[in-house]
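Architecture at a glance
Okay, here's what each chain looks like letter by letter:
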Amino acid sequence: MDVKNYIIRQISVFSENKPGRLASIAKAFQEEKINILAFSIAEADGFGVVRALVNQPDKAFKKLTSLGYNVAFTDVIAVKMKDEPGGLFEIAELLGEAGINMEYAYAYSGKEAAVLIIRVDHVDEAVSRILTKGGTLLEAKVFS
Amino acid sequence: MVMWDQQIETMPRDDIRKLQYRLLKTLVYKLYSFSPFYHERMKQAKVHPDDINSLADVKKLPFMYKADLRDNYPDRLFTASREELVRYHVSSGTTGKPTVVGYTRYDLDNWTNSLARGLVSCGLGRGDVIQVSYGYGLFTGGLGLHYGAERIGATVLPTSVGNTERQIELMQDLHATAICCTPSYLLHMGEVAEKMGVIIKKDTDLTTGILGAEPWTDVMRSRIQEWLGIRAYDIYGTSELSGPMFVECTEQKGFHVWSDLTLVEVLDKDTGETLAPGERGELVITMLQKEALPMIRFRIGDISVLDEEPCPCGRTHPRIRRIQGRVDDMLIIRGINVFPSQVEHTLMSIPEVGQHFQIVVDRRGALDDMLVRVEISKDAFSDKINDLMQIRSKVEHKLRNALNVGVTVELVEPGSLPRFEGKSKKVIDRRNL
């Protein structure tokens, strides 16, 4: 098992909390024909961070940087859940038992399954522990 | 040490004082006899030229203010005839009416020599290509430096302001070794250059920046020097003095004030008492040799320190340390004096924030409210909200400690604060609207 296969590069964008900012970011993706696979907004007082999994992260990084955005890559992992009642509980319990502390998480429910995307402190270790506990992780290539 | 005018620049202090006294005495006699404005002012102050019997007697003379120039718009303070005048410059007048300054041939010559001495003192000369990115025209910066640079035999690249991408191309193609502009414009140029794929430090021959026309700080200097790979020197002057006049020598510890042209006093800005060298106060300037528009005890409004310690560069003329701020720029926030330069100084020492900032002052109920907007630097951006909140608290905390007044900090996107080609406007005060 190569842990690296499960590490997904999420793109994070600093954004002021004002009308039109999300549209501007989304437009940049559209212009570059970049597909957004999952996405969330975290907000604080006055600013926020837009986080997205996209199919061409390097291209997205370049485009947003050229527009003047402050952009960073963040390593996240994607845990597969059953798309049925109790699906999240099962995974959350597994993560708890594995002693994994989440920085943040967001989820989507896709065609094949529901997916929980999480950011953790020690990503390599988290991958091993989840797999050992019998969890299923999506490989990074699923998102490209 | 190469100097432009070794004899004058290394004149013993005592001789300088004697020369200043002689020039002052002559000037006062001349103005009392020929200028209705000065005659009247001196009479009101009950001082006669015969009362000026030492250099220290300068403090018997009445002050001049910016308002005097505005009130006597356009040229009622001129003491040269139209035949003798060879140039006008007009200051934009950020507060109220514009002011007009005039020059005789002799005035232009002194101005140019003053800059020639300064440019040589920071290591420039024949063989240098000096890009003058100050505005050409009514503003004194462009033409002033243009002629100063020509006088020392350097090659001038007169780009003026604007069209930044072209400025960067020319800087590369013509191998500019020095640039003259506002520090904010140089920051803007550095950013635009990087967007074009040009790293000034690596891809140009630039070694020297002559930066001024707005207050800046030593921490900003360190950032500019490190980022752009140049030595950055402060330049000082205002149109009332002639224009930009004094440039720091290679010591980078303030600019030599050429005492054969200028007499500087430092006063307590509230009591008007003369302060000893080394004490911080308001600068009061007397121009000893100007013909067209004399300035006696001009309250220039800048705050700094006069440094009379001998300079290792060998020049005997005293230095004025970096200007801390203009009296006009001072904000009073809930009764506490705050200079934008203090904000800059604090911000520049925090690596997580970028070079640009904006201060917005408003009134919330009965209280003044000061907001500082900063751009978070690329390296500091974290995807975690918590980290960002911590950066914001850190900046707020440092500003509060430095200014003794509570400040709200807003993190904004890089590039979203306004960039300036000329003098930057970093403060928006909404209290008067």
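What you see is a predicted model; the values in this text were computed from it and never measured.

1. Some points on the overall build of chain B
Scanning chain B for helices and strands turns up 12 helices and 20 strands. A globule of 433 residues ought to have a C-alpha radius of gyration of about 22 Å, and chain B, at 22 Å, matches this closely. Expressed as lengths along the three principal axes of its C-alpha atoms, the size of chain B is roughly 75 × 55 × 40 Å. Residue burial in chain B is summarised as follows: out of 433 residues, 44% are buried.

2. Some points on the confidence of the model for chain B
Residues with a pLDDT of 70 or more make up 98% of chain B, whose mean pLDDT is 92. Interface confidence in the predicted complex, given as ipTM, is 0.81; pTM for the same model is 0.79.

3. Let's talk about the packing of helix α11 (residues 340-348) of chain B against helix α12 (residues 385-403) of chain B
Residues and elements named next belong to chain B. Two elements in contact, α11 and α12, have axes separated by 10 Å at closest approach and are oriented at 135 degrees. Judged by the angle between their axes, α11 and α12 are oblique. Here α11 runs over α12; the crossing is right-handed. Residue-level inspection shows Gln342, Val343 and Thr346 of α11 in contact with α12, the latter providing Lys398, Leu399, Ala402 and Leu403. Split by residue class, the contact of α11 with α12 holds four nonpolar, two polar and one charged.

4. Quick look at the pairing of strand β11 (residues 280-287) of chain B
Residues and elements named next belong to chain B. Burial of β11 is extensive: seven of the eight residues sit out of reach of the surface. Pairing of strand β10 (residues 262-267) with β11 involves six bridges; the strand directions are antiparallel. Paired with Val266 across the two strands is Leu283, which belongs to β11. Here six bridges tie β11 to strand β12 (residues 295-307), and the two strands are oriented antiparallel to one another. Bridge pairing links Met287 to Met295 in β12.

5. With respect to helix α2 (residues 57-66) of chain A
Side chains of residues three or four places apart in an α-helix project in the same direction, reflecting 3.6 residues per turn. All names here are of chain A. Listed as buried for α2 are Pro57, Ala60 and Leu64. One face of α2 carries all of its buried residues, which in axial projection span an arc of 60 degrees. For α2, the exposed residues lying more than 90 degrees away from the buried face are Asp58 and Ser66. For α2, the elements touching its buried residues are β1 (8-16), α1 (21-31), β3 (47-54) and β4 (71-81). Backbone geometry just after α2 places Gly68 at a positive phi near 95 degrees.

6. Let's talk about the sheet that holds strand β6 (residues 114-120) of chain A
Residues and elements named next belong to chain A. One open sheet accounts for six strands, arranged β2-β3-β1-β4-β6-β5; its pairing is antiparallel. In the strand order of this sheet, the two ends are held by β2 (36-43) and β5 (102-109), each with one partner. Strand after strand, the sheet turns through a mean of 30 degrees between neighbouring axes, direction not considered. Pairing of β1 with β3 involves six bridges; the strand directions are antiparallel. Paired with Glu16 across the strands is Phe47, a residue of β3. Running over the sheet, α1 touches β1, β2 and β3 and is turned about 140 degrees from β1. Against the sheet, helix α4 (residues 123-132) contacts β4 and β6, and its axis sits at roughly 10 degrees relative to β4.

7. What about the interface of chain B and chain A?
Opposite the 15 residues of chain B that make contact, chain A presents 16 residues. Within the residue set of the side of chain B that touches chain A, elements represented by two or more residues are α12 and β19 (408-412) of chain B. Of the residues in the side of chain B that touches chain A, the class split is eight nonpolar, two polar and five charged.

8. Brief notes about the domain arrangement of chain B
Residue and element names in this part refer to chain B. Once the domains are mapped, chain B shows domain 1 (1-327) and domain 2 (330-429). Placing the centre of domain 1 and that of domain 2 at their C-alpha centroids yields a distance of 30 Å. Taken together, the 19 residues of domain 1 in the interface contact 15 residues of domain 2. Contributions of two or more residues to the side of domain 1 that touches domain 2 are made by α8 (183-195) and α10 (218-228). It is α8 that contributes the most residues to the side of domain 1 that touches domain 2, four residues altogether. Classifying every residue of the side of domain 1 that touches domain 2 by side-chain character gives nine nonpolar, eight polar and two charged.

9. Comments concerning the environment of B:Thr140
Residue and element names in this part refer to chain B. Looking at where Thr140 falls in the secondary structure, it is placed in helix α6 (residues 140-151). By C-beta crowding, Thr140 is classed as buried, having 27 other C-beta atoms within 10 Å. Once you skip the residues sitting within four places of it in the chain, Thr140 turns out to touch His89, Ser239, Gly243 and Pro244.

10. Remarks on the domain arrangement of chain A
All names here are of chain A. For chain A, the assigned domains are domain 1 (6-74) and domain 2 (78-143). Look at where the C-alpha atoms of domain 1 and domain 2 centre, and you get two points 22 Å apart. The interface of domain 1 with domain 2 comprises 10 residues on the first partner and 12 residues on the second. If you tally residues by element for the side of domain 1 that touches domain 2, the top one is β2, at four residues. In the side of domain 1 that touches domain 2, the residues fall into seven nonpolar, three polar and no charged.

11. Section: the pairing of strand β5 (residues 178-181) of chain B
All names here are of chain B. Neither face of β5 is open: one carries Ala178 and Cys180, the other Ile179 and Cys181, and all of them are buried. Bridging between strand β3 (residues 129-132) and β5 involves three bridges; their strand directions are parallel. Bridging across to β5, Ile130 finds its partner in Ala178. Judged from the four bridges that link them, β5 and strand β6 (residues 208-212) form a sheet pairing that is parallel. What sits directly across from Ile179, in β6, is Gly209.

12. Some words on the packing of helix α5 (residues 105-121) of chain B against α6(B)
Packed helices, taken two at a time, are described by their axes: the angle between them and the distance between them. Residue and element names in this part refer to chain B. The contact between α5 and α6 brings their axes to 8 Å, and the two run at 65 degrees. For the element pair α5 and α6, the recorded crossing hand is right-handed. Where α5 approaches α6, its residues Trp111, Thr112, Leu115, Ala116 and Leu119 are matched on the opposing element by Gly144, Leu145, Tyr147, Gly148, Ala149 and Arg151. Here the residues of the contact of α5 with α6 are counted per class, giving seven nonpolar, three polar and one charged.

The rules behind these values
- Residues numbered from 1 in each chain as written.
- Chains lettered and ligands numbered in written order.
- Predicted model: local features only at pLDDT ≥ 70, side-chain atom pairs only at ≥ 80, totals over all residues.
- Helix = DSSP H or I, 4+ residues; strand = E, 2+ residues; numbered from the N terminus.
- Rg over C-alpha atoms; globule rule 2.2 N^0.38 Å.
- Buried ≥ 20, exposed ≤ 12 C-beta atoms within 10 Å, placed from the backbone.
- pLDDT = per-residue confidence, 0-100.
- Axes fitted to C-alpha atoms, helices over the stretch in contact; angles between N-to-C directions.
- Parallel < 35°, antiparallel > 145°, perpendicular 65-115°, else oblique.
- Left-handed = near helix turned anticlockwise from the far one by under 90°.
- Contact = placed C-beta atoms within 7 Å.
- Nonpolar A, V, L, I, M, F, W, Y, C, P; charged D, E, K, R; others polar.
- Pairing = 2+ DSSP bridges.
- Arc of directions from axis to C-beta.
- Domains from an automatic or database assignment.

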